Amino acid sequence: MSRKISIKTAAALGSALLGSAAAVSAVGATAFFRYLNRPERYTPLPTDVKNINLIAHRGMSSLAPENTSVAFELAGENGFWGAECDIYRSIDGRWLLSHDPNTFRMMNKAAKIEKKTYDYLMQLSVNRGSEIEKYPDLKICTLEEYLDICKKYNMAAIIEIKGKNNSEHYSEVVSAVESRGVSAIYISFHFEDLKKMREFTDAPLYLLVGDIKREHILLVKTLENCGIDFFAGRASVFKNGFVQKCLEEGIDLIAWTVNEPELLEKIVALGVKNITTDRIYIENEAAGEPVGE
């Protein structure tokens, strides 16, 4: 025999279910943020790996919040060849560093960077990331701050172009780089953005890809001084032969993101010299641990 549920009971059940869903969602969000911002110790570069260019991914992002001035300072202090960053342009024309288009993951308030002014964004604070408790009132990093740090430590600036709507302003980025005499590399998942950047600079360009495919090789060969920046964590890297084909055809490569010494040795053995990492560093014999640990 069927039983009727009163409107009041149904409402109570619905409220309870929504409450449970909200609780689960909150727990899930907390776990998600902890995963994204988890601190991880650095591993020394294997002593038998020589003559590579080690790039700090978003700065030394396992010792300080990613894409911040302190993360880049640590990269410089620890002798990285280059430091990778991600850039967006504020609505009033300032270039700022963030991996995401929205500040919600790293800062104390959600805001879409390209829709806010510089002054508004500077009122926010970075409140998540590795070792955040060491860096109170940390602000979003400007392109100028980042470039000044690269200049200070003679690091190459590896600049990922993130937004797709600001290509008419790329000359601003190039001017900031050139005015400081910094060596720069520009990377993007969007080939059209690289083509636009080529109108303003002769600096090396790299197309970001997951797997290297034949069409990627053909594409980058149409643009002068353009290489491929590929994800190193896929088994196909060692099976399809495209890394070797790129090197044979004079296409420069960067491998991202290489975090284990074993993977690093395998990638270097293929002939790749530019390595982006979150957790490998050049060991200082005097200090042992990386500066900042």
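Above this text is the structure in question.
Residues numbered from 1 in each chain as written. Predicted model: local features only at pLDDT ≥ 70, side-chain atom pairs only at ≥ 80, totals over all residues. Heavy atoms only, no water.

Q: Could you give an account of the pairing of strand β7 (residues 205-209), with specific residues and numbers?
A: Counting buried positions along β7 gives five out of five residues, so the element sits mostly inside the fold. Of the two faces of β7, the one carrying Leu205, Leu207 and Val209 and the one carrying Tyr206 and Leu208 are both buried. Where strand β6 (residues 184-188) and β7 come together, three bridges link them in parallel fashion. Residue Ile187 lies in a different strand from β7, and its bridge partner there is Tyr206. Once the chain exits β6 it traverses helix α6 (residues 191-198) before rejoining the sheet at β7, and the crossover so formed is right-handed. (Buried < 20%, exposed > 50% of the residue type's maximum accessible area, 1.4 Å probe, protein only. Helix = DSSP H or I, 4+ residues; strand = E, 2+ residues; numbered from the N terminus. Pairing = 2+ DSSP bridges. Right-handed = clockwise from strand over helix to strand, strands pointing away.)

Q: Before we move on, could you go through the packing of aromatic side chains and cite the residues and values that matter?
A: A complete count under the given rule lists four aromatic pairs for this structure. Both rings, one in Phe189 and one in Trp256, keep their centres 6.3 Å apart while their planes meet at 90°; by these two values the pair is edge-to-face. Of this pair, Phe189 sits in the loop between β6 and α6 while Trp256 sits in strand β9 (residues 253-256); the two residues are 67 residues apart in sequence, bridging distant segments of the chain. Take Phe189: its relative accessible area is 43%, and that puts it in the partly exposed class. Trp256 sits in the partly exposed class, given a relative accessible area of 22%. Their ring planes at 40° and their centres at 5.0 Å tell us that Phe231 and Trp256 sit as a pair that is tilted. Taken together, the positions of Phe231 in strand β8 (residues 226-231) and Trp256 in strand β9 put the pair 25 residues apart, joining distant regions of the chain. (Phe/Tyr/Trp six-rings, centres within 6.5 Å; stacked < 30°, edge-to-face > 60°.)

Q: Break down the layout of surface pockets for me, citing the residues and quoting the values.
A: Taken as a whole, the second largest pocket encloses approximately 200 Å³ of empty space. Forming the walls of the second largest pocket are 15 residues, and the residues nearest its centre are His57, Arg58, Glu160, Trp256 and Thr257. Listing elements by their share of the lining of the second largest pocket, those giving two or more residues are β3 (82-89) and β8. Looking at the lining of the second largest pocket residue by residue, the class counts come to five nonpolar, four polar and six charged. (1 Å grid on protein atoms, 1.4 Å probe; cavity = no way out; pocket = protein on both sides within 12 Å on 5 of 7 lines; lining within 4 Å. Points joined across faces, edges and corners; volume = space filled by probe spheres on them. Nonpolar A, V, L, I, M, F, W, Y, C, P; charged D, E, K, R; others polar.)

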